[in-house]
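# Secondary and tertiary structure notes
If you want the building blocks of each chain, they are given just below.
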Amino acid sequence: MSALKQIEEVRTSFLTELDDVNQDLNQIEQFRTKYLGRRGKIASLFSLMGKVSDEERPALGESLNKLKNELNVLFENKVLEFNLSRQREEDDLIDLSLPGKQQRLGSIHILEQTLSEIKDIYRSIGFHIAYGPEVDDEYHNFTALNVPEHHPARDMQDTFFIDPETVLRTHTSNVQVHLMEDQDPPIRYIVPGRVYRNEAIGYKSYCLFHQVEGIYINETVSFGELKGCLEYFVKQMFGIKKKMRFRPSYFPFTEPSAEVDIWDEERQQWMEILGCGMVNPMVLNNVGYDSNRFHGYAFGMGVERIAMLKHKISDIRHFYSGDIRILEQFI
Ligand code: DAH
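Starting from 1, residues in each chain are numbered consecutively following that chain's sequence as written. Reporting of local features is limited, given that this is a predicted model, to residues whose pLDDT is at least 70; pairs of side-chain atoms are given and counted only at 80 or more, and all residues count toward the totals for whole chains, interfaces and linings. Excluding hydrogens and water, the side-chain figures rest on all heavy atoms present in the structure.

## Topic: the sheet that holds strand S4 (residues 166-168)
Ordered in space as S2-S4-S3, the 3 strands form an open sheet in which the pairing is antiparallel. Single-partner strands in this sheet number two, and they are strand S2 (135-137) and strand S3 (161-163). Taken pair by pair, the neighbouring strands of this sheet meet at an average axis angle of 35°, ignoring direction. For two strands to count as paired, DSSP must find a minimum of two bridges between them. Where helices and strands are cited, they refer to DSSP runs of H or I of at least four residues and of E of at least two residues respectively, numbered from the N terminus. Where S2 meets S4, 3 bridges bridge the pair, whose relative direction is antiparallel. Bridge pairing in S4 places aspartate 137 opposite threonine 166. Helix axes are fitted only over the stretch in contact, all axes being lines through C-alpha atoms; the angle between N-to-C directions runs from 0 to 180 degrees.

## A look at the site of the ligand
The criterion for a residue being near a molecule or strand is simple. One of its heavy atoms has to lie within 4 Å of it. Of all residues adjacent to the ligand, which total 16 residues, the nearest are His171, Gln176, Arg197, Gln211 and Glu213. For this analysis, a polar contact is any N or O atom pair within 3.5 Å, provided that within protein one partner can donate a hydrogen and the other can accept it, and provided that sequence-adjacent residues contribute only side-chain to side-chain pairs. Interatomic distance of 2.6 Å between a side-chain N/O atom of glutamate 213 and an oxygen atom of the ligand. Within the backbone of phenylalanine 299, a nitrogen or oxygen atom sits 3.4 Å from an oxygen atom of the ligand. Contact with the protein chains removes 94% of the 350 Å² of surface that the ligand exposes when unbound. Contributions of two or more residues to the shell around the ligand are made by helix H7 (173-182), strand S6 (208-218), strand S9 (269-279) and strand S10 (295-302). As a working rule, the residues Ala, Val, Leu, Ile, Met, Phe, Trp, Tyr, Cys and Pro are called nonpolar, Asp, Glu, Lys and Arg charged, and the rest polar, with Gly in that last group. Residues that form the shell around the ligand fall into these classes: 5 nonpolar, 9 polar and 2 charged. Only the protein chains shown count as cover for residues, with accessible areas throughout obtained via the Shrake-Rupley method and a probe of 1.4 Å.

## Concerning the pairing of strand S8 (residues 254-264)
The cut-offs for exposure are 20% and 50% of the maximum accessible area for each residue type, with area from a 1.4 Å probe on protein chains only; residues under the lower value are buried, those over the upper are exposed, and the others partly exposed. For S8, the buried fraction is high: 9 of the 11 residues fall into the buried class. Bridging between strand S7 (residues 244-251) and S8 involves 7 bridges; their strand directions are antiparallel. Opposite methionine 244, over in S8, you have isoleucine 262 as the bridge partner. In sequence, S7 turns back onto S8 through a hairpin of 2 residues. Two elements, S8 and S9, share 9 bridges in a ladder whose sense is antiparallel. Among the inter-strand pairings, valine 260 is bridged to a residue of S9, identified as leucine 274.

## Focus: the packing of helix H1 (residues 3-20) against helix H2 (residues 25-36)
Where H1 meets H2, the closest approach of the two axes is 11 Å, and the angle between their N-to-C directions is 175°. With respect to their mutual orientation, H1 and H2 come out roughly antiparallel. Judged by residue contacts, Val10, Ser13, Phe14, Glu17, Leu18 and Asp20 of H1 engage Gln27, Phe31, Lys34, Tyr35 and Leu36 from H2. Split into classes, the residues belonging to the contact of H1 with H2 amount to 6 nonpolar, 2 polar and 3 charged. These descriptions rest on fixed angle ranges, namely under 35 degrees for roughly parallel, over 145 for roughly antiparallel, 65 to 115 for roughly perpendicular, and the rest for oblique. Here a residue-residue contact requires only that any non-hydrogen atoms of the pair lie within 4.5 Å.

## Quick look at the domain arrangement of the protein
By the assigned domains, the protein splits into domain 1 (3-92) and domain 2 (110-330). Of note, the centres of domain 1 and domain 2, computed from C-alpha atoms alone, are 92 Å apart. Where each domain begins and ends is defined by an automated method or by a domain database.

## What about the sheet that holds S9?
Strand order in the open sheet formed by 7 strands is S1-S5-S6-S10-S9-S8-S7, with mixed pairing between adjacent strands. The open sheet has two free edges, formed respectively by strand S1 (128-129) and S7, since each of these has just one partner strand. Pairing analysis gives 8 bridges linking S6 to S10, with the strands arranged antiparallel. Among the inter-strand pairings, glutamine 211 is bridged to a residue of S10, identified as glycine 302. The sheet contacts of helix H8 (residues 223-238) involve S6, S7, S8, S9 and S10, and relative to S10 the element is tilted by about 30°.

Shown next as structure tokens:
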């Protein structure tokens, strides 16, 4: 093979292989040794000098030097390019030593926390938990509870009407009726849920709020048991020293009826948290229970007011403002 042809061959294979040199420093070094090293392909081409005639030698020497220079430059460029692209890759990498971005954690709303405390307390003394409709007919919200149409007692709760016979429930007591219609006694339930009232908004009244209804029906149930149950609840919820009082009251669905007030340390006054009483025999008759055989007690408590007293929250509207500065205080 002629010397020129050999030079051309080395040049071609150098260029082809150089194209693939882009992985790591090891590969670059191997490539360099193969072509440009002391025993590399280019060095060995120089041994051709001894094999050609005197006339040919100068031209061959010139070609070889040219080749050597050309390939050296190409190789140096390749190394530069490789280093640059590695630098760019490193720039793109995430710096794990930087402090991370703060992620805000969600938390359970203070009302929901209060509700689950209430549920736990009643569950621990044998109550089951039930839920019922927020949109109900007038019969379940009023009539079956001994609040007939046009009776002044209906005005005790200002009502949102969906249509003339359908209301947003004004209390969770509607679920008492559903439960008793569906099941035979004995029954013992609490019913947490939202209720709605079209009344003047103030620090302790809002157009929607939460109640937990309680109902216990059996053959022998006394007012003393009702009192014991509610006292137990208040002590569990607020601590043994909390001041509370029972106050006689009136509800059409209970007889006798009472309300429970808790002493509000902040305002230095009593705050009503629940209504209760012995279930009126009229209500038992309405759901088809034998009111000579079965008796019961019932109560309905305001969850917002309990949370306000327990956590010193001054205004019921705070629960619904969605203000993160308020919510954050109860994580
Ligand atoms: N439903 C009454 C209210 O919303 C509270 C209440 C009073 C519920 C007496 C009862 C009860 O179950 O027996 O104010």
